[in-house]
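The primary structure of each chain is shown beneath.
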Amino acid sequence: MTNLKKENQVNNHAKNILIVGSGGRENALAWGLSHSDGVEKIFIAPGNGGSRDFDKCVSIDIATSDVDKIKNECKLNKIDLVVIGPEAPLASGLADKLREDNIAVFGPGKDGAQLEASKSWAKDLMNKVQIPTAKHWEIENLNEALTIINEFKKPLVVKVDGLASGKGVMVPKNINETIQAVKDVFSGKFGDAGKRVILEELLQGPEVSIFALCDGERMVVLPPAQDHKRLKEGDQGPNTGGMGAYTPAPLINSTELATIRESILEPTIEALKSRGINYRGVIYAGLMITSSGPQVIEYNCRFGDPECQALIPLLGAELAEVLLACALGKLDQCSKLSIKQKCSACVVAAASGYPEAPIKGDPITINFEPNESVQIFHAGTQHDKDGTLITSGGRVLSIVSQGDSFDEAFSKAYKIIKMIDYDGITYRKDIGHQVRKEFNA
Ligand code: AMP
Ligand code: GLY
């Protein structure tokens, strides 16, 4: 490296980092940042039962919506970088409020978070710059919907416009199911999020999650990942937040990823810029690989969960520097993010009753010490008043493992999940079926 290049680099590493969120994604981010160069202390607000398991990490009891307390904590602990995990605080403008106090934040402002928080806004953005996406109709009442359904004569996907905790999309098997879904939405089932509805052409094909770390102008694209949304093997049962993931998904090779960058991700940043939006955070493009090429089925303004858990262990010790550079709009001046050439597998252990009514409060035993190629990331866990680790949410733990092949990575993850015990532990045995030859779960 030349001296000139060295001088141009962002020399201020983030020593003290605050992560906002409490899920498996935030626990994985804490692990990744604790392994990053220059990081001395990581605070997780509010974190979970696994927050204190990693070197340098502590949880602080502050809700993700408590802006004043978060600001105060930033001052008190001389926070150099805030990383906001979930969509709700992003959509409500937490990043903007922190930036008002000159705090470096990885995560878009309220304006950019509309990519996820308003499906109609995201559709409009895509259509203006010809990003490939399903044909859609925006409707505001039942009669309009019925007219379109009768004209189109095919089942249409029904999406509520606003945030609905992953429950706002109904994929129908037939026209009657489309009609029923529209009736449900307009009966008020989704509150304000469902005041406006999108009807969308039903696409077919495998899905892939693509993540770009953005600094408002430039981006670093991460390896493609696939998650498994349904609760049960064979992609059966209800939709969940995600029951497992793996990366890099061979469905997309490096040439195709470069094409996705050019035809989808870069035009997205350009379209955001043309709306005056300085987007500093993750653009998550959920794609369907159809017979006519990749189409965007959704954007999210954050990392996917559990894709993040699979991805983070592949990322190098430059992660904190890269996220800080994104927050400062200086991706051109930081070290290159190295990515390990390994296969990474993530299997989610959920609670019984998930997703409708997860059972909470059961003691958890983990008879395994994580090592260099196996991580256990916590999500719905907490310590009770006696210090016992107990279940406290639907997705409890993510068991993540890396290997030279997906068979190796998954067989390790499935071996370790058997060393974890709590009442009603629930997991899919076929995570990564697309890339595995051996099924020894
Ligand atoms: P979303 O919450 O937008 O990720 O949608 C949830 C799931 O619904 C996606 O992961 C897809 O499996 C499915 N989906 C969304 N849009 C479409 C579409 N236009 N055609 C087929 N499936 C879709
Ligand atoms: N794994 C899908 C999501 O985070 O939305």
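Residues numbered from 1 in each chain as written. Chains lettered and ligands numbered in written order. Predicted model: local features only at pLDDT ≥ 70, side-chain atom pairs only at ≥ 80, totals over all residues. Heavy atoms only, no water.

**Observations regarding the site of ligand 2**
Taken together, Asp227, Lys229, Gly241, Tyr284, Asn300, Arg302, Gly304, Asp305, Pro306 and Glu307 make up all the residues around ligand 2. Within the backbone of Asp305, a nitrogen or oxygen atom sits 2.9 Å from a nitrogen atom of ligand 2. Contact with the protein chains hides 90% of the accessible area of ligand 2, taken as 190 Å² for the molecule alone. The residue inventory of the shell around ligand 2, partitioned by class, reads 2 nonpolar, 3 polar and 5 charged. (Near = heavy atom within 4 Å. Polar contact = N/O pair within 3.5 Å; in protein donor to acceptor, adjacent residues only side chain to side chain. Areas by Shrake-Rupley, 256 points an atom, 1.4 Å probe, with all protein chains shown as cover. Nonpolar A, V, L, I, M, F, W, Y, C, P; charged D, E, K, R; others polar.)

**Here's the deal with the packing of aromatic side chains**
For the structure shown, the criterion picks out 10 aromatic pairs. Consider the rings of Trp137 and Phe152, whose centres lie 5.0 Å apart with planes at 70 degrees: the pair is edge-to-face. Residue Trp137 is found in strand S6 (residues 136–139), and its partner Phe152 is found in helix H8 (residues 142–152); the two are separated by 15 residues along the sequence. A relative accessible area of 18% means that Trp137 is categorised as buried. Feature note: the residues Tyr246, Phe406, Phe410, Tyr414 and Tyr427 constitute an aromatic cluster, connected by ring pairs. Cation over ring: Arg275 sits above Trp121, and NZ or CZ is 5.7 Å from the ring centre. The ring of Tyr427 has Lys429 lying over it, and the distance from NZ or CZ to the ring centre is 5.1 Å. (Phe/Tyr/Trp six-rings, centres within 6.5 Å; stacked < 30°, edge-to-face > 60°. Helix = DSSP H or I, 4+ residues; strand = E, 2+ residues; numbered from the N terminus. Buried < 20%, exposed > 50% of the residue type's maximum accessible area, 1.4 Å probe, protein only. Lys NZ or Arg CZ within 6 Å of the ring centre and 35° of its normal.)

**Some thoughts on the pairing of strand S16 (residues 282–290)**
The element S16 is largely enclosed, with a buried count of 9 among its 9 residues. What you see with S16 is no split at all: Val282, Tyr284, Gly286, Met288 and Thr290 on one side and Ile283, Ala285, Leu287 and Ile289 on the other are buried throughout. By the bridge criterion, 7 bridges tie strand S10 (residues 207–214) to S16 in an arrangement that is antiparallel. Across the sheet, the residue bridging to Val208 is Leu287, located in S16. By the bridge criterion, 7 bridges tie S16 to strand S17 (residues 293–300) in an arrangement that is antiparallel. Residue pairing across strands places Gly286 opposite Glu298, the latter belonging to S17. (Pairing = 2+ DSSP bridges.)

**Considerations on the packing of helix H6 (residues 110–117) against helix H7 (residues 119–128)**
Remark: H6 packs on H7, axes separated minimally by 6 Å, with the N-to-C direction vectors making an angle of 95 degrees. The pairing of H6 with H7 is recorded here as roughly perpendicular in orientation. Residues Asp111, Gln114, Leu115 and Ala117 of H6 form the contact with H7, whose participating residues are Lys119, Trp121, Ala122 and Leu125. Looking at the contact of H6 with H7 residue by residue, the classes come out as 5 nonpolar, 1 polar and 2 charged. (Axes fitted to C-alpha atoms, helices over the stretch in contact; angles between N-to-C directions. Parallel < 35°, antiparallel > 145°, perpendicular 65-115°, else oblique. Contact = heavy atoms within 4.5 Å.)

**So, the site of ligand 1**
Around ligand 1 lies a shell of 14 residues, among which Glu200, Glu201, Leu203, Glu207 and Glu298 are the nearest. A distance of 3.0 Å is found between an oxygen atom of ligand 1 and a side-chain nitrogen or oxygen belonging to Lys229. At a separation of 2.7 Å, an oxygen atom of ligand 1 approaches a polar side-chain atom of Glu298. Burial of ligand 1 by the surrounding chains reaches 89%, relative to a free accessible area of 480 Å². Elements with a minimum of two residues in the shell around ligand 1: strand S7 (156–160), strand S9 (197–201) and S17. Residues that form the shell around ligand 1 fall into these classes: 7 nonpolar, no polar and 7 charged.

**Quick look at the confidence of the model for the chain**
The predicted model of the chain has a mean per-residue pLDDT of 94, with 97% of residues at 70 or higher. Predicted confidence is poor over residues 1–9, with pLDDT under 50, and the contacts of this stretch with residues over four places away or in other chains come to 6 contacts. (pLDDT = per-residue confidence, 0-100.)

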